[in-house]
Amino acid sequence: MVPSQKGIMAFSILCDFPSTNDENYIYWSVLFSGLFILTPLLSKIISVLSVSVPYPSLIGVSLIGIVYIFLLYWSESQLQGIVISLVFLSTIALKIPLTEPYIPLFSSDSVAMLSGHQGPKLFAFQIPLVILLFISIWKDWYRKLPITSLEIIFGCFVIWIFVSTIFADATHLSQAVWFGIFMLQGWLAFSILTKAIQSEILTSIEAIHTLVISLLGHILIGVIQFINQSGLGFNYLGGNGFPVVTEVNRFGFSIGLGLFVSGFTDFSYIFASLLVLFTPVILGLSLQYIHERKGTIASLILVPVMGLLVRSTTSDSARGAFLISTGVFILLGAWFYRDLLYRTIIWKVVGGLTLACGFILTPSEMSHQSATSTSSDSSTTGNGSSNMVPTENSSPDSAPIENGSSVSTPINDGAPDPSGAGSSPAEGVTATPIQVPLFDTSHLGTRIHQYLASFDLFLQHPLFGIGAMNFKFISPQYGIESVEIHNIYLSLLAGTGLIGVGLYLSSVISAVVEIWKDISISDSPILLIGILSGVAGYLAFGMLDPSPIKHYTSFLPFWFLLSAATQMVDDGK
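Cut-offs used in this document
Residues numbered from 1 in each chain as written. Predicted model: local features only at pLDDT ≥ 70, side-chain atom pairs only at ≥ 80, totals over all residues. Heavy atoms only, no water. Helix = DSSP H or I, 4+ residues; strand = E, 2+ residues; numbered from the N terminus. Contact = heavy atoms within 4.5 Å. 1 Å grid on protein atoms, 1.4 Å probe; cavity = no way out; pocket = protein on both sides within 12 Å on 5 of 7 lines; lining within 4 Å. Points joined across faces, edges and corners; volume = space filled by probe spheres on them. Nonpolar A, V, L, I, M, F, W, Y, C, P; charged D, E, K, R; others polar. Patch = residues over 30% accessible without salt bridge, like charges linked within 9 Å, V, L, I, M, F, W, Y side chains within 5 Å. Areas by Shrake-Rupley, 256 points an atom, 1.4 Å probe, with all protein chains shown as cover. Salt bridge = Lys/Arg side-chain N within 4 Å of Asp/Glu carboxyl O. Axes fitted to C-alpha atoms, helices over the stretch in contact; angles between N-to-C directions. Parallel < 35°, antiparallel > 145°, perpendicular 65-115°, else oblique. Left-handed = near helix turned anticlockwise from the far one by under 90°. Buried < 20%, exposed > 50% of the residue type's maximum accessible area, 1.4 Å probe, protein only.

Relative to the helices and strands, Ser312 is located in helix H11 (residues 296–312). If sequence neighbours within four positions are ignored, Ser312 has contacts with Phe226, Leu257, Gly258 and Val261.

Written as structure tokens, this is what we have:
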């Protein structure tokens with residue numbers, strides 16, 4: 001057994017993972033060690049040796065891919081391995097733009113303003129997705145297996161995006177179309193996993209374990225980035241070279257916080273959204289067998305580390321959402337396990353969460369500045385740093401490849417600003433002087449202006465909207481900078497109309513209701529409580545950040561988790 005396999009098995013024991021077949025451990029080991037350990041090391045070695053290689057990270061990825069293909073060939077459960085790779089890769093922003101100077105299928109200018117991961121980019125998860133799509137057609141999954149209500153509602157939402165795009169008279173039609181393609185791939189991935197679980201290729205609990213183990217890799221990289229106080233590079237793997245944006249000064253020590261703490265998710269706020277979503281899930285796994293103490297280390301060590309990393313990303317949206325998700329977990333856990341309150345909640349949960357929330361509530365210099373100033377010059381991000389993020393970094397790869405461009409990229413070009421609240425107000429717009437202790441609210445006034453403008457656009461276009469993700473092209477008419485609405489619900493309301501946001505919310509609510517009903521009849525009620533709590537925090541995060549509908553590495557894990565959770569009772573797990 002290889003060392004990484006032993007490590008993953010040890011972690012699974014600490015988190016009370018139920019027994020699973022050995023091939024799962026092998027799949028997890030190859031993906032984890034290959035993408036989070038061996039590939040970065042190989043890239044650094046190539047860089048140190050000054051070997052002239054265009055994209056060293058992709059060499060390591062290619063080697064791991066070859067190893068995984070041979071593993072699948074010799075395995076007795078090829079389909080299981082392909083599904084695991086789809087779920088595992090969903091959290092990793094391993095991508096190649098299909099634009100110059102990489103793969104010149106599209107011009108860089110034509111996609112320069114597309115949001116997040118939307119646009120012509122080849123992501124690693126798309127390879128197993130395409131394979132599984134052909135397999136699903138070949139095996140006739142969609143005729144032989146039942147279509148869930150969640151699949152139907154989510155699918156109707158995707159269809160409506162394209163319908164609204166036709167009738168919305170969007171300012172930028174390409175943005176709306178690419179958003180539809182983004183959501184279509186999300187639905188296909190979600191549906192494929194649902195069918196794989198129905199076919200007993202993978203169980204719900206194995207899908208959740210795969211997501212957690214993948215997140216563990218990001219946590220490992222995030223800790224290294226935090227200790228290193230800068231990004232490690234590896235842009236093609238989903239790393240970045242963003243700088244420190246603020247500091248925490250305590251006990252004579254100064255610790256930098258910033259966008260560089262991102263794991264391999266592509267951006268710090270995406271990483272933060274995953275931490276918010278999965279912290280209660282990991283707590284639920286650690287408490288799944290409440291008569292054992294194997295989950296204590298996960299609760300008392302891993303959860304505080306996750307809280308520290310959320311704080312390190314500088315996302316105030318994620319800080320608040322983390323408090324919500326963990327708070328909901330404590331309340332629901334205390335209610336459902338009130339007869340075992342001391343053993344279940346006090347020792348394993350409160351101990352780790354107290355330390356985690358201590359990190360979350362630690363104020364930074366940015367928070368202190370927010371208390372004395374609620375507005376800033378439009379040329380800065382609110383912490384004194386320029387909106388232009390330098391792309392020079394120590395990565396063995398070239399500069400960041402967002403939107404297929406290797407030039408300096410403004411933070412406000414489709415990405416959230418370092419404050420966790422948004423970009424600074426445009427000239428002539430005065431931010432609302434709202435203050436929240438320990439949080440940076442210097443840009444909250446700008447967010448309110450966004451929300452009012454988006455609602456006004458909805459009133460003008462209530463049925464079809466203005467075109468999905470088109471707000472940033474119209475916002476200058478309201479005296480607001482050209483940025484996305486930092487609220488996914490208002491973004492969908494303005495972009496796709498009342499029917500669009502209604503279908504999206506209906507799909508999420510449908511999943512939440514089903515999970516809630518299953519808690520009382522499930523063999524793993526505390527895990528479902530953890531999932532439900534993580535979903536609550538994630539949905540709260542979406543009220544102040546657009547990442548959940550902009551980036552695959554945030555969007556896909558969320559829907560994969562919903563797919564697994566809504567089928568846990570049906571597949572007997």
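Approximately 560 Å³ is the volume found for the largest pocket. Forming the walls of the largest pocket are 23 residues, and the residues nearest its centre are Gly65, Leu89, Ala124, Ile127 and Pro128. If you list the elements that add at least two residues to the lining of the largest pocket, you get helix H2 (22–48), helix H3 (56–74), helix H4 (78–89), strand E1 (95–97), strand E2 (121–123) and helix H5 (126–138). For the lining of the largest pocket, the element with the most residues is H3, which contributes 9 residues. Considering only residue class, the lining of the largest pocket consists of 19 nonpolar, 3 polar and 1 charged.

Turning our eyes to something else, we now look at a nonpolar patch on the surface. Residues Ile37, Leu38, Leu41, Ile45, Val48, Leu49, Leu220 and Ile224 make up a contiguous nonpolar surface patch of roughly 730 Å² in combined accessible area. Broken down by element, the residue count for the nonpolar patch peaks at 5 residues, all from H2. By secondary structure assignment, the location of Ile224 is in helix H9 (residues 204–228).

Turning next to the packing of H2 against H9. Following both chains from N to C, one finds H2 and H9 inclined at 25 degrees, their axes separated by 10 Å at the closest point. With respect to each other, H2 and H9 are oriented roughly parallel. Classified by chirality, the crossing of H9 by H2 is right-handed. Of H9, the residues touching H2 (which contributes Asn24, Trp28, Phe32, Phe36 and Ile37) are Glu206, His209, Thr210, Ile213, Ser214, Leu216, Gly217, His218, Leu220 and Ile221.

Our next topic: the packing of helix H10 (residues 268–286) against helix H19 (residues 552–565). Between H10 and H19, the shortest axis-to-axis distance is 9 Å and the interhelical angle comes to 20 degrees. One finds that H10 runs roughly parallel with respect to H19. Two packed elements cross with a definite hand, and for H10 against H19 that hand is left-handed. Touching Ile270, Ser273, Leu274, Leu277, Phe278 and Val281 of H10 are Thr553, Ser554, Pro557, Phe558 and Leu561, all from H19. Looking at the contact of H10 with H19 residue by residue, the classes come out as 8 nonpolar, 3 polar and no charged.

For the rest of this paragraph, the subject is the pattern of salt bridges. All told, the structure shown has 5 salt bridges when counted by the stated rule. With a shortest N-O distance of 2.4 Å, Asp140 and Arg143 are connected by a salt bridge. Accessibility expressed as a relative area gives 63% for Arg143, which makes it exposed. Between Glu151 and Lys195 there is a salt bridge; the shortest N-O distance is 2.6 Å. Residue Glu151 is located in helix H7 (residues 149–167), and its partner Lys195 is located in helix H8 (residues 173–198); the two are separated by 44 residues in the primary sequence. Both residues of the pair, Glu151 and Lys195, count as buried.

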